[in-house]
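# Descriptive structure summary
Residue strings, one per chain:
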Amino acid sequence: MRDNQSGIIRAVKADGELGRRIRDMGLVPGTAIRIQGRAPLYDPVALRVMGFTLTLRNNEADYIEVEVD
Amino acid sequence: MAETTLALAGNPNAGKTTLFNALTGARQHVGNYPGVTVEKKEGVHVHADRRFKIVDLPGTYSLTAYSLEEVVARDFLVNERPAAVIDIVDAANLERNLYLTLQFMELGVPVIVALNMIDVAHQRGIAIDTDQLSRLLNVPVVATIARRGEGKAELIEVAERIVGEGVTPQRLDISYGEDIDHALAEMETTITAAEHLTDVYPARWVALKYMENDEQILALGRKANAELSAALAATVAKVTDHIKATLDLYPEAVIADHRYGFIKSILQQGVLAVQHDRNRLYMSDRIDSVLTNRFAGPLIMLAVVWGLYQFTFTYSAMPVSWLESFFGWLGGLAEAYLPDGLIKSMVIAGIIDGVGGVLGFVPLIMFMFLGIAFLEDSGYMARVAFMLDRVFRIFGLHGSSVMAFIVSGGIAGGCAVPGVMATRTLKSPRERLATLLTVPFMNCGAKLPVFALLVAAFFASHEALVMFILTLVSWMGALLVAKLLRTTVVRGEATPFVMELPPYRLPTFKGLLIHTWERTWQYIRKAGTVILGISIVLWTLMTFPGAPDAVQQRFANERQALLAAAPQAALALENATDATALSPAATDLQTQLDGISAREAEAALRYSVAGRIGTALESLSRLAGLDWRTNIALLGGFAAKEVVVSTLGTAYSLGEVDVPASGSLAQKLAASPNWRPLTAISLMAFIMFYAPCFVSVVCIAREAGGWRWGVFSMVFNTVLAFTLAVIVFQAGTFLGF
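Here's a quick rundown of the structure. (Residues numbered from 1 in each chain as written. Chains lettered and ligands numbered in written order. Predicted model: local features only at pLDDT ≥ 70, side-chain atom pairs only at ≥ 80, totals over all residues. Heavy atoms only, no water.)

Residues and elements named next belong to chain B. Put simply, helix H24 (residues 549-565) and helix H26 (residues 584-607) touch, their axes get as near as 10 Å, and they point 180° apart. It follows that H24 is roughly antiparallel to H26 by the angle criterion. Taken together, the residues of H26 that come into contact with H24 (itself represented by Val551, Phe555, Glu558, Arg559, Leu562 and Leu563) are Leu589, Gln592, Leu593, Ile596, Ser597, Arg599, Glu600, Ala603 and Tyr607. Residues belonging to the contact of H24 with H26 are distributed by class as follows: 9 nonpolar, 2 polar and 4 charged. (Axes fitted to C-alpha atoms, helices over the stretch in contact; angles between N-to-C directions. Helix = DSSP H or I, 4+ residues; strand = E, 2+ residues; numbered from the N terminus. Parallel < 35°, antiparallel > 145°, perpendicular 65-115°, else oblique. Contact = heavy atoms within 4.5 Å. Nonpolar A, V, L, I, M, F, W, Y, C, P; charged D, E, K, R; others polar.)

Time to look at the nonpolar core. Within the largest apolar cluster, 101 residues are counted, with the highest numbers of intra-cluster contacts made by Tyr523 and Leu669 of chain B. Among the elements that make up this core, the one with the highest residue count is helix H17 (residues 380-394) of chain B (9 residues). Counting 88 residues, the second largest nonpolar core, distinct from the first, contains Leu54 of chain A together with Ile145, Leu172 and Ala203 of chain B. (Core = buried A, V, L, I, M, F, W, Y, C linked by side-chain atoms within 4.5 Å. Buried < 20%, exposed > 50% of the residue type's maximum accessible area, 1.4 Å probe, protein only.)

Across the sheet, 6 strands lie side by side as E5(A)-E1(A)-E2(A)-E3(A)-E4(A)-E10(B); this open sheet has antiparallel pairing. Two strands lie at the open edges of the sheet, namely strand E5 (64-68) of chain A together with strand E10 (499-501) of chain B, each paired on one side alone. Neighbouring strand axes in the sheet, compared pairwise and without regard to direction, differ in orientation by 45° on average. Relative to strand E2 (residues 32-38) of chain A, strand E1 (residues 6-12) of chain A runs antiparallel, the two being bridged by 3 bridges. Along E2 of chain A, the bridge assignment pairs Gly7 of chain A with Ile33 of chain A. (Pairing = 2+ DSSP bridges.)

At the junction of the two partners, chain B supplies 49 residues and chain A supplies 41 residues. When chain B packs against chain A, close to 4,100 Å² is buried across both sides, 53% of that on carbon and sulfur atoms. Our enumeration of links across chain B and chain A arrives at 7 salt bridges. A salt bridge links Lys13 of chain A to Asp248 of chain B; the nearest nitrogen and oxygen atoms lie 2.9 Å apart. Run the count over chain B and chain A and you get 17 residue pairs in polar contact (both at pLDDT 80 or more). Pairing analysis gives 3 bridges linking strand E4 (residues 52-56) of chain A to E10 of chain B, with the strands arranged antiparallel. (Buried area = accessible area lost by both parts, 1.4 Å probe. Salt bridge = Lys/Arg side-chain N within 4 Å of Asp/Glu carboxyl O. Polar contact = N/O pair within 3.5 Å; in protein donor to acceptor, adjacent residues only side chain to side chain.)

Written as structure tokens, this is what we have:
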């Protein structure tokens, strides 16, 4: 996804600790997210979700499937 | 007076600490939870005739067993059974914050929701019907603004009412979908019948944790009843297979989805009214578009880090020098009033210098923590981690590691003690340990005089360049060793980075002061006691058993002979009160007498335990080009790295060598046949990497949660440093340097 693009989470494929942390932060199917920006080295990525900002590494974000608006 | 325990819980950045400070004021106490390095804060709030003991639980997003903080919070709730949990919920962020609230209610603890930062929510066009929320959740809800202390009286009244009426909370049983609900009901019956773990936990909750694959509960369950545990696990496995086949999900994911679904349904029943798009940009985001900008971000970060560094080391210089003069004055007092001998030497060199050394760090730690607390509470620290994570991850570290490295001397002249303590901001255990163990490689302020001495002696024409290279080498060394540690002793996958970027906030003055004072006091109390002991041990090593009588007699004879040869000068010297008024003959005599004292000190050092160790190690240290004098100096450097200079001075019989005035020592080294530039390089490599000073070791042991890591850092670093020094020296010799 590109900066400022938004979409709806369709699935979170991660399990274990990563999966749990992602879900604890509210990234569950049906949630709307928007890409807010990226760190100067393009990784990690900052997401806007439910009114707050969340960062995660690109390889962690790969587990989240999003339907782009 | 009746005493009641209340627990404060909530998400990080929801204002929990601010509310805690508002409720308890200065009446708080910081310790650790038994056996772990998670901080436990307790305070007291007196209301009417009731004393509320308030325990600040670590900030968490959830109650799983993945992080230490979560386990600690959960254990506290089930074991200590507080009368109520005040759950601080960020009103502007209701949905995610209620996820934790729901888990408290699943556990069946009495919950009071403090809807905090309600003002921020209003500004953002978020309207919350607290009564409706309270009705739907079936728990009391109080709107608060912790920064201004608003709502705290009401909170306490609600707590008072709950405690007074003895209201038993209703456990919340939400539906997690048909498959899971069915299995849960079945497991609950089995668990209740067998009384499996039900002395501590509710039966349905135990079933739920089995379903969520919760490591802590699974382990407890196996211990309590292995057979039943296996049966329950079989039920879970069946459901897991089914859900995996039909939905391609794990049960824990389905459970999380249903929790969020439950929250959404509550919020939609007239609780939450949002005027704007929730993901629109606010002030904080506009600040971020500059501060984390691809080009401006790193530059501003450099400036902030430089500012923190300047703030810490410049402003603390004055109180540090006051402390130094105070301990100098104490030393002077002891010098003047104690009779000559071992007691005097121990009081001055062992106790006053040792304790002075410890307390000398205090202003540094206070200023560093004040700066870091500001960066943390304002929200900037999270941005630093965000921007630098890509670089530090390569070495198995975390973006937040950078602060610890810089404070330790990443910009030459820091100090590893506050650096080690700065790793507390890291929430990932493995990354934190690796950072903790590698920050002492940075060039701290105490290594600088030693480097300065060697550079002045051997590389006088390239001083700045050599110092710059030394800084680069220490960074490279630290990062590479971190990588090595992360692939060996602290092996393990990277902890997920998933992190909130909290909105920027202006920290409260009270919060900053409390934060700074807590950390400083912990340092004084815990480090102080151990360090006094170690400094006496080091003094003993450098003093005993002293030179044999025959050697001492020889120096006494020399002195006698000298005095007898020039009786007039000796008399003049004895009666002199002012050194400048001495005759040339008397000055000459004084110089010669000083020379004898210096050689006597050298002999005493050589015969001491430390001297014997140094001499015994010479055959080994020769491989790195170092002689016994250097060995003793390096042993002394364990007390504090700058001691290397003064001990070298004694070992080269120069008498007391003051750190700033080491010019004569530099000349002596440059002229010595034992030394050449290669020796200096080898020694600098050794000093950069060998065992941290003992103050740092004590801090490492404490922060890493055990002495084995303190011992590890001493042994591992010394072996590493020696290997590097030998390689440098042997390769250099081979190449003809």
